[in-house]
Amino acid sequence: MKVLKFGGSSVATADSIKKVWNIAIEAAKNDKAIIVVSAFGGVTDLLQRAGEQANLKDETYLKTLSLISERHHAEATQLKLSDTAINHLEDLLEQLKNILQGIYLINEFSDKTIDKVLSYGELLSAFLISEMSNIQDISVSFKDSRELLKTDVNFTRADILQPTTDTLIQEYFRSDISQLTIMPGFISSTVKGETTTLGRGGSDYTAAILAAALDVKILEIWTDVSGMYTANPKLVAQAYAIPEISYHEAMELSHFGAKVLYPPTIVPLLQKNIPIMIKNTFEPLEGGTLITDSSHSKKKPVKGITHLSNIALLTLEGNGMVGIPGISKRLFEALSAVKVNIILITQASSEHSICVAVDAVDTERASTAIDTMFKYEIASQELQPTIVEHDLAIIAVIGDGMKNHQGISGDMFSVLGNNNVNIRAIAQGASERNISAVIAKKDVTKALNVLHYRFFEKQIKTINLFIVGVGNVGARLLAQIAQQQAYLLAHLMLKINVVGLSNSRKMLFDSNGISLDNWQEQLDNGQSNKDDAWFKSICELNLATSVFVDITANDTVAAGYGRYLKQSIAVVACNKIASSNNFSNYKELKELSKKYHTPYLFETNVGAGLPVINTLNNLINSGDQVTEIQAVLSGSLNFIFNNFNKERSFYDVVLQAQQEGYTEPDPRIDLSGVDVARKIVILARESGYEIEMDEIENKSFLSNSGNNADSVPQFLATLKTDAAHYEALFNKAEGNSSRLKYVASLKNGKASVGLQEIPKSHPFYNLDGKDNIVLFYTNRYVDQPLIIKGAGAGADVTASGLFGDIISLKNV
């Protein structure tokens, strides 16, 4: 004898019913088979709605009934059932109509009546499927489960009367000669014949009761997925079917939200050690999940991660609990009296509080019951009124092997904490088979993905980028990412997803990754970037390992870094403003980075792609101390003074630098020395000095009219009118056999920037093109400085510096 159960999704359409029928016929070829079916997908909900509408004297119940009728007639027609079958179908629908009319007339929709109404879902589907026998040469019978499965009178969730039920099942199938028996799941009856149900999802339980009573070799449960998954595949793209799992692991997973299996199903099978095979109706050749008494825990200590949404947390606390016996007993009795199921319990060893998690729909009833039970203690202020927290969820890590495997809980909580998932309560049984945590509902998807990555996936790190500023440098960064994606995945096991792009007008998001082939076109057609929409959208996506990349020179964007860090979103900045303005702001960002374990990286603030800040950090972290810094930090100014000579005017060279993108659109930013001053401030702060921008000695080389120019055109005009001023600077340096370089210096905590004449013996003399150079004098590098030299300007090298910061996050 074989027992197969098919869920609502497996019998949702005529095409899927045909697949069910083919599987059933194959099962019955060499042995008798029982097929247990659920209602057609969605029909149980329609029946519930029709009953509620009728109870409210809402005549739209007739429209809902019409939908149910049309659905079943349509399937019967497509399945080409006989006229006799159609007539019986209409009889069943007429019976349902009469029940609903009765509800409408007397306003009675009790649990008993609910069971009667809902039973028609399975009765209708099982009957129609059984009538497909007219197209097969096989003996098929329909058997009403209510005649065999007997229960108590606990309507809507009745308990099986096992000895009576087992005897009826065994006697019936001992004499039944049908090769294939079709039975409705979910429904049962009292000894007096009143219809009961086994709880939503009870068709699995029906099949388990039959399998246990008949001592079958295996129970097959067919659904629309290929087994029990390591996590919900709708929320975790990398989730996969678990090949083998133990009864206890399966019970834990199903209790905590894995909807493939109804939790009570396992109990009767566990008692008789009957395996369960979960298969996919639509992919019957896929392996599925085998559930047995063996845990296979040596292969993987964690078998699955699951969750329950829509949870409320109720806390009873107060000094009046400490050392007082019976508090917990009274709490549980109060909830039991109002039929509230407790999903999770946790109590501190101080006995000062007890937390229970319940279904959100039970919140008001539960809190009222608790406050009523403890009204005297609350009135005397020994206890506080029940504290209720809403919009929560429970996530659970499950596996038989966790008990003998150290560090599972540590890994779980560490991963959640590092991704800014706050844990409100924790529970773990002595078996250590289940570690559960209460978290915010909005964090469920993130939590499931980071936990799945930690426990199940080849350790490929995914970094999700949100990039602001897609001009010259931004475009080069995107091109470099596109070019290197395959390499990073293959060699570093690093996947970089660009999930957000923004300019001053538009923004674009795709949680699966924006295609970098046509990102410009997509961004042009993106959403309007108004007010705070960009930041809010990032927070709503709530992706793990999120990184905000600022490739602007915008002070408003820089002012927002703190709020990203507070959301555990790393910041990679090309923008120098945040790290060089008020020291208090710089210090706060550093502290937020530590507090939220979230990197704040700004390597490109000094030297573009050169490893200046990283090298400095390594010196400081290894115990060295910087005593002096000398540096040429402006690639644009170095380009200008390397090309300024007797043949070319200062105006011409500055104009060229502006046109080729070496200077800002407003060249005053570069020529005034403010940009270099920001860079030396950053190096000073990273060296351990508390220094402000207004403390930097800025020796301007510009003419008075250049310093006082009010606009870019006016400034450029002064370069012509004051040509003699700049020629004099050049001639003086040449006369001294020197070259002009714009130098930043730091010594004894004092910093300055300005134009200097550099002699031939100095390392700066031969600095060509747009190169930068930094000389670090330290306690270890005393006579000969540590020198970093290379291209310090240009879109490609700046983009590569940003890219380097992003790649470094793999190890965070």
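What you see as residue numbers is a count from 1 along each chain, following the sequence as written. Residues qualify for local features only when their pLDDT is at least 70, as the model is predicted, and side-chain atom pairs are given and counted only at 80 or more; totals for whole chains, interfaces and linings, by contrast, use all residues. Here the side-chain values reflect all heavy atoms present in the structure, with hydrogen atoms and water set aside.

Asks: I keep staring at the overall build of the chain and nothing clicks. Help me out?
Replies: Segments assigned H or I by DSSP are reported as helices when at least four residues long, segments assigned E as strands when at least two residues long, and all are numbered from the N terminus. A tally of regular secondary structure across the chain gives 30 helices and 30 strands. Only C-alpha atoms enter the radius of gyration, while the globule expectation follows 2.2 Å times N to the 0.38, with N the number of residues. For 812 residues, the compact-globule estimate of 2.2 N^0.38 gives 28 Å, and the C-alpha radius of gyration of the chain, at 36 Å, exceeds that figure by more than 25%. With the C-alpha coordinates of the chain rotated into their principal frame, the extents come out at 120 × 65 × 55 Å. Going through the 812 residues of the chain one by one, you find that 52% of them count as buried. Contact definition: two residues touch when any of their heavy atoms are within 4.5 Å. The long-range fraction of contacts in the chain, counting pairs at least 24 apart against all pairs at least 6 apart in sequence, stands at 72%. When charges are counted, Lys and Arg contribute as positive and Asp and Glu as negative, whereas His and the chain ends are disregarded. For charged residues, the charge sits on one atom: NZ in Lys, CZ in Arg, CG in Asp, CD in Glu. With 75 positive and 90 negative side-chain charges, the chain shows a separation of 3 Å between the mean positions of the two kinds. For every residue, the accessible area obtained with a 1.4 Å probe (protein chains only) is divided by the maximum for its type, and the residue is called buried under 20%, exposed over 50%, and partly exposed between those limits.

Asks: Which parts of the structure should I look at to understand the side chain of Ser 579?
Replies: Structurally, Ser 579 is set in helix α20 (residues 577-580). Apart from the residues lying within four places of it in its own chain, the contact partners of Ser 579 are Tyr 586, Tyr 600, Phe 602, Asn 605, Ile 682 and Arg 685.

Asks: Can you help me understand helix α4 (residues 83-106) in this one?
Replies: Each full turn of the α-helix corresponds to 3.6 residues, which orients residues three or four apart in the same direction. Expected helix span is given by 1.5 Å per residue-to-residue step, counting one fewer step than there are residues. If you check α4, its first and last C-alpha atoms are 35 Å apart, about what 24 residues at 1.5 Å a residue would give, namely 34 Å. All buried positions along α4 are accounted for by Ala 85, Ile 86, Leu 89, Leu 92, Leu 93, Leu 96, Ile 99, Leu 100, Ile 103 and Tyr 104. Close packing links the buried residues of α4 with α2 (43-55), α3 (61-78) and α5 (111-130). In the stretch just after α4, Asn 107 is the one whose phi turns positive, near 50°.

Asks: Where do I start with the packing of aromatic side chains in this structure?
Replies: To describe a pair of aromatic rings, you give the distance between the ring centres and the angle between the ring planes. Between the rings of Phe, Tyr and Trp (Trp by its six-membered ring), a pair exists once the centres lie within 6.5 Å; its type follows the angle of the planes, with under 30 degrees stacked, over 60 edge-to-face, and the other angles tilted. Overall, the coordinates contain 21 aromatic pairs when judged by the stated rule. Each ring, one from Phe 583 and one from Tyr 586, has its centre 5.7 Å from the other, and the planes form 40°; the classification is tilted. Here Phe 583 pairs with Tyr 586, and both are found in helix α21 (residues 583-595), just three residues apart, close to one helical turn. By relative accessible area, which is 14% here, Phe 583 ends up buried. Overall, the relative accessible area of 6% leaves Tyr 586 in the buried class. Grouping aromatic residues by their ring pairs yields a cluster made of Phe 641, Phe 644, Phe 650, Phe 701, Tyr 726, Phe 730 and Tyr 742. The side chain of Lys 57 reaches across the aromatic face of Tyr 104, ending 4.9 Å from its centre. Should the NZ of a Lys or the CZ of an Arg lie within 6 Å of a ring centre and within 35 degrees of the ring normal, that charge is described as sitting over the ring. Above the ring of Phe 535, the side-chain terminus of Arg 563 is found at 4.1 Å from the ring centroid.

Asks: Teacher, can you tell me more about the sheet that holds strand β20 (residues 506-509) here?
Replies: What the seven strands build is an open sheet, ordered β21-β20-β19-β18-β22-β23-β24; its pairing is mixed. Of all strands in the sheet, those with a lone pairing partner are β21 (527-528) and β24 (600-601), marking the two edges. Two strands are counted as paired when DSSP detects at least two bridges linking them. Bridge count for strand β19 (residues 494-502) against β20 is three bridges, and the pairing is antiparallel. What sits directly across from Leu 501, in β20, is Leu 508. Orientation is described by axes fitted as lines to C-alpha atoms, over the contacting stretch for helices, and by angles from 0 to 180 degrees between their N-to-C directions. Along the sheet, helix α15 (residues 472-492) makes contact with β18 (461-468), β19 and β22 (546-550), crossing β19 at roughly 155°. Along the sheet face, helix α30 (residues 795-808) touches β18, β19, β22, β23 (570-573) and β24 and points at about 160° away from the line of β23.

Worth remembering: the numbers are spatial, not functional.
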